[in-house]
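Topology and contacts: notes
As a plain string of letters, each chain reads:
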Amino acid sequence: MDFLAKTVDVVVVGAGHAGCEAALAAARMGMEVALITMNLNSIAAMNCNPNIGGTGKGHLVREIDALGGEIGRNIDKTFIQSRMLNRSKGPAVHSLRAQADKWNYHCAMKMTLEDEKNIHLIQDEAASFYFIDDELSGIVCKTGAIYKAKKTVLATGTYLRGRVFMGEVNFSSGPDGMQPANLLTSSIEGIGIETMRMKTGTPARVHRDSIDFSGMEIQKGDDEIHPFSFSNFDKDYSDKEQIDCYLTYTTPECHEIIRENIGRSAMAMGDIEGKGPRYCPSIEDKVTRFADRDRHQVFLEPEGLLTKEIYVQGVSSSLPVEVQMALYKKIDGLEHCEFMRPAYAIEYDAIDATRLDRSLEVMGVHNLFMAGQINGSSGYEEAAAQGLVAGINAALSIQGRDPLILRRDQAYIGVLIDDLVTKGTREPYRMMTARAEYRLTLRQDNADLRLTEIGRSIGLVGDEQYEGFLARRDAIENERKRLASIQINPTEENIQKLEELGSATLKNATPLLNLMQRPELTYDKLAIFDENRPALPRHVIEEVETEIRYKGYIEKQMAQIQKFRKMENKLLSKDLDYTAIKGLRNEAKEKLSAIRPESVGQAGRISGVSPADINVLLIYLEQKNREATNELGDA
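Just so you know, these numbers come straight off a predicted model, no measurement behind them.

1. Thoughts on the UniProt feature "binding site: FAD" (unreviewed entry) in the protein
Under the UniProt annotation, the feature "binding site: FAD" (unreviewed entry) is placed at G14, A15, G16, H17, A18 and G19. Looking at the element boundaries, A15 is found in the loop between β1 (3–13) and α1 (17–28). Owing to a relative accessible area of 3%, A15 belongs among the buried residues under this scheme. A15 has contacts with C20, L35, I36, T37, S42, I43 and A44, leaving out every residue within four places of it along the chain. Residue position: H17 is located in helix α1. Discounting chain neighbours no more than four positions away, the residues touching H17 are A44, A45, M46, Y105, Y380, A383 and A384.

Here is the structure:
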C-alpha cells in the first residue's frame with residue numbers, strides 16, 4: 001500500500017553522474033532534495049572506463065566546476081594519473097584527462113552527498129509518477145513510498161529495462177551486475193513520451209598479475225599536474241604518486257578469431273535493437289569497418305589502488321565469453337590473461353531529446369526534467385553537465401526565476417544541450433571539440449572566466465570559490481595591463497637580444513605585450529626585457545599568454561559570435577502556429593511544430609529546416625513587428 005514518505009522540493013531519480021550533480025545543485029541553491037537510487041553502492045559508479053575528461057569532455061568538467069558543480073573536485077581528490085592531452089596542438093583542443101580510483105571516486109561523491117544537509121539519500125526503485133489533480137508531483141517507489149515534490153528530475157542512466165548481451169547469452173540487468181529498473185518506462189510512455197533503445201558496451205577486466213607488461217609502451221602521467229577544479233589551481237601536487245598505464249596492440253590472430261565468430265556477436269544476430277556509440281565502437285565493429293588494419297591500439301588502465309583489476313580499453317565486445325577469452329589472449333602481452341569481469345553490451349531505454357526545452361524540462365509535461373543517458377548522450381561528463389543544468393533549472397523554476405540557458409557561444413554545455421534538444425540523436429551522443437563552432441573562445445582554461453559569474457548569479461558558486469575566481473581574474477587582467485605598459489625601445493642591446501631569440505628587429509618602441517604575439521617569443525623568453533616581473537602562478541601566466549598570442553584569431557571569432565547572437569536574439573513564441581506561415585515547406589512546418597525552437601538561430605540548426613525556410617521566418621517576424629508598431633502608432 002502506497003504511503004507518503006517525504007515531501008521535498010525536488011526528487012532526483014538516479015545517483016549516477018547526472019543525478020549527483022542535479023541533487024547537489026538544487027540542494028546548494030536551497031532546495032530540499034530526495035535522491036533515489038536503486039543501490040547506494042552505485043552512486044557515481046564508473047561502470048565503464050575508469051577516467052574523467054579527455055578530448056572535449058575535459059572542457060565540460062571545467063565548465064561544470066566553474067558553475068559550482070562537483071565532478072572536477074571529486075576527480076581531483078581521487079585521481080591516480082593525470083595527463084593533458086593534445087599539448088602539441090593549439091590551446092582550443094587541450095583537454096585534461098585523469099585516471100580515477102573507481103571505488104574512492106564513488107566513496108568521495110557518496111560522502112559529499114551525505115554531508116549535504118538538504119539531500120536525503122534513499123535506496124529504492126522509482127516505479128511510477130505521482131500525480132495530484134493530473135499534475136506530476138513526484139515519484140512512487142517500488143516499496144510503496146511516495147516522494148512528493150514540486151519538481152522531478154530523471155537521471156536513470158543505462159538502467160531503464162537494461163539488458164546485457166554476451167553472444168547468444170542475454171539477460172535482464174543493469175550495468176556491472178546491478179539490478180535493472182524495469183518499472184518506470186511504462187510511466188514515461190504513459191505521459192506521452194516515446195522511448196527508444198540505445199546500446200553501449202564495456203571491455204573485460206583482467207587480473208594485473210596475469211599480464212606481461214614487458215613489451216608494452218608505458219603511459220606515464222604528467223610531471224606537472226593540472227587539476228580539474230579551479231579551486232585547486234594553486235594546490236601543490238608534486239608529491240602525488242601516479243600509477244602507470246600501458247599501450248599494446250591487437251594482432252592479426254586476434255582479428256581472425258573475431259572474423260570467424262562475428263556471426264555470434266549479439267549485434268550480428270540482431271538481438272540488439274539499439275545503435276551503439278559511433279566514437280567508441282566494439283572491437284568486432286572496428287575489425288569489420290577497418291578490415292585493412294592488422295592491429296588496433298589497446299590501453300591497459302588500472303581501476304584503483306586497492307584492486308588488481310585492469311580495464312582493457314579499446315576491446316569492448318558483445319561476443320560470447322569464450323570467444324572473448326580466446327581473442328584477448330592473442331593481444332600482445334595478454335597471452336596468459338585471466339578474466340575477472342567479461343566484456344558485454346548493454347541495451348536500455350532512452351527518449352528523443354527533442355521533446356525537451358533547452359532548460360531540459362519536458363515540453364508539455366510541467367515539473368519534469370531529464371538529464372544524462374536517458375536523453376541519448378554517452379559519457380560521465382556529458383551526463384554530469386546535463387544533471388547540473390537540470391538541477392539548477394528545477395531550483396530556479398521553484399524560485400520563480402528564468403531558467404539557465406547556456407548558448408553555443410558560451411559553453412560546451414550549451415553546445416551539448418542544444419545539439420540534443422534541437423537535432424536529437426539515434427546513437428549515444430559524445431562531446432568532441434569539433435562540435436563547437438567557437439572552440440577558440442570556449443577553451444578549458446578560461447571556463448571560469450566565462451561561467452563563474454553566471455554560477456554566482458544563480459546562487460551556486462559560494463564565497464570561497466568566488467573569491468578565488470576574482471583573485472585569478474584580477475591577476476590575469478593586471479598582468480595583461482602591465483605587459484602593455486612596458487615599452488621596449490629599439491636600442492642596440494634590445495635588438496641584439498631579439499636576434500639571439502631568433503626574432504625580427506625593432507624599428508619603433510613596442511609594448512612587451514605586442515612582442516608576445518610573435519610566434520617565436522614566449523612569456524618566459526621575454527623575461528630578459530622584464531626585470532621587475534612579479535612572481536605569478538603558472539596558470540595565470542598561461543592564460544595571459546594564450547589571450548595575447550591568439551588575440552587576432554579570438555577577435556575574428558568574436559565577430560562571428562556577434563552574428564550568431566543576432567539570430568539567437570530573434571525569439572520565436574512557443575505558441576507560434578507554423579502551419580499558418582505561408583512559404584514554409586511542409587517538412588519545416590512539421591519539424592518546427594515538434595521541436596518548438598526558442599529562436600531563429602535554433603530553428604536554423606534543425607535538420608529539415610532549410611535556409612529558405614529561415615528567410616520565410618525572418619520575413620514573417622518582420623511583418624509581425626511592423627504590424628505591432630503600426631498598432632501602437634494608431635493607439
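2. Considerations on the domain arrangement of the protein
Taken as a whole, the protein is organised into domain 1 (3–198 + 349–458), domain 2 (205–346), domain 3 (463–564) and domain 4 (570–634). One C-alpha centre belongs to domain 1, the other to domain 4, and the line joining them spans 32 Å. The junction of domain 1 with domain 4 conceals about 780 Å² of combined surface from both sides, 47% of it contributed by carbon and sulfur atoms. Of all residues in domain 1, the largest losses of buried area upon contact with domain 4 belong to R358, M363 and T422, amounting jointly to 55% of the total for that side. For the pair domain 1 and domain 4, the number of links is three salt bridges.

3. Some words on the nonpolar core
If you look at the biggest cluster of nonpolar residues, it comprises 107 residues, and the most contacted ones within it are I188, M370 and I413. For this core, the element with the highest residue contribution is helix α9 (residues 380–398), accounting for eleven residues. Each of two domains, domain 1 (3–198 + 349–458) and domain 2 (205–346), supplies a minimum of three residues to this core. When sequence neighbours within four positions are dropped, the list of residues in contact with M370 reads L154, I188, I193, I351, L356, L360, V362 and N375. Membership of the second largest hydrophobic core comes to 25 residues, among which are L300, I310, L319 and Y328.

4. A look at helix α10 (residues 412–423)
For α10, spanning twelve residues, the distance from its first C-alpha to its last is 16 Å, which sits close to the expected 16 Å at 1.5 Å a residue. Across the twelve residues of α10, eleven count as buried, placing the element largely inside the fold. Listed as buried for α10 are Y412, I413, G414, V415, L416, I417, D418, D419, L420, V421 and T422. Considering only its buried residues, α10 is in contact with α2 (57–67), α9, α17 (586–595) and α18 (600–603). Once α10 finishes, G424 follows within two positions and takes phi at roughly 70°, a positive value.

5. Description of the sheet that holds strand β19 (residues 344–351)
Strands sit in the order β11-β10-β19-β12 across an open sheet of four strands; the sheet is antiparallel. The sheet terminates laterally at β11 (169–172) and β12 (195–202), the two strands that pair on one side only. Taken pair by pair, the neighbouring strands of this sheet meet at an average axis angle of 25°, ignoring direction. In this sheet, β11 lies alongside strand β10 (residues 163–166) in antiparallel orientation, the contact comprising four bridges. Considered in β11, the bridge of M166 is made with V169.

6. So, the environment of A509
Looking at where A509 falls in the secondary structure, it is placed in the loop between α13 (492–500) and β22 (510–511). A509 gets classed as partly exposed once you look at its relative accessible area, which sits at 41%. Linking A509 and R480, residues 29 residues apart in sequence, is a C-alpha distance of 18 Å. Each residue touching A509, except ones within four places of it in the same chain, is listed here: Q487, I488, N489 and P490.

7. What to know about the sheet that holds strand β5 (residues 95–100)
What the three strands build is an open sheet, ordered β3-β5-β4; its pairing is antiparallel. Of all strands in the sheet, those with a lone pairing partner are β3 (51–53) and β4 (79–85), marking the two edges. Across the sheet, the mean angle separating the axes of adjacent strands is 15° when strand polarity is ignored. Inspection of the sheet shows β4 paired to β5 by six bridges, in the antiparallel sense.

8. Some points on helix α6 (residues 252–261)
Among all positions in α6, only C254, H255, I257, I258 and N261 are buried. Viewed end-on, α6 has its buried residues packed into an arc of 155°, placing them on one side of the element. For α6, the secondary structure elements touched by its buried residues are α7 (283–289) and α8 (321–328).

9. Considering the state of the cysteines
With the rule as written, the count across this model stands at zero disulfides. No disulfide involves C337; its sulfur sits 10 Å from that of C254, the nearest cysteine. Residue C337 is classed as buried on the basis of its relative accessible area, which comes to 4%.

Each value, and the rule that gives it
- Residues numbered from 1 in each chain as written.
- Predicted model: local features only at pLDDT ≥ 70, side-chain atom pairs only at ≥ 80, totals over all residues.
- Heavy atoms only, no water.
- UniProt positions renumbered as here; feature names shortened; annotations may be inferred.
- Helix = DSSP H or I, 4+ residues; strand = E, 2+ residues; numbered from the N terminus.
- Buried < 20%, exposed > 50% of the residue type's maximum accessible area, 1.4 Å probe, protein only.
- Contact = heavy atoms within 4.5 Å.
- Domains from an automatic or database assignment.
- Buried area = accessible area lost by both parts, 1.4 Å probe.
- Salt bridge = Lys/Arg side-chain N within 4 Å of Asp/Glu carboxyl O.
- Core = buried A, V, L, I, M, F, W, Y, C linked by side-chain atoms within 4.5 Å.
- Expected span 1.5 Å × (residues − 1).
- Pairing = 2+ DSSP bridges.
- Axes fitted to C-alpha atoms, helices over the stretch in contact; angles between N-to-C directions.
- Arc of directions from axis to C-beta.
- Disulfide = S-S within 2.5 Å.

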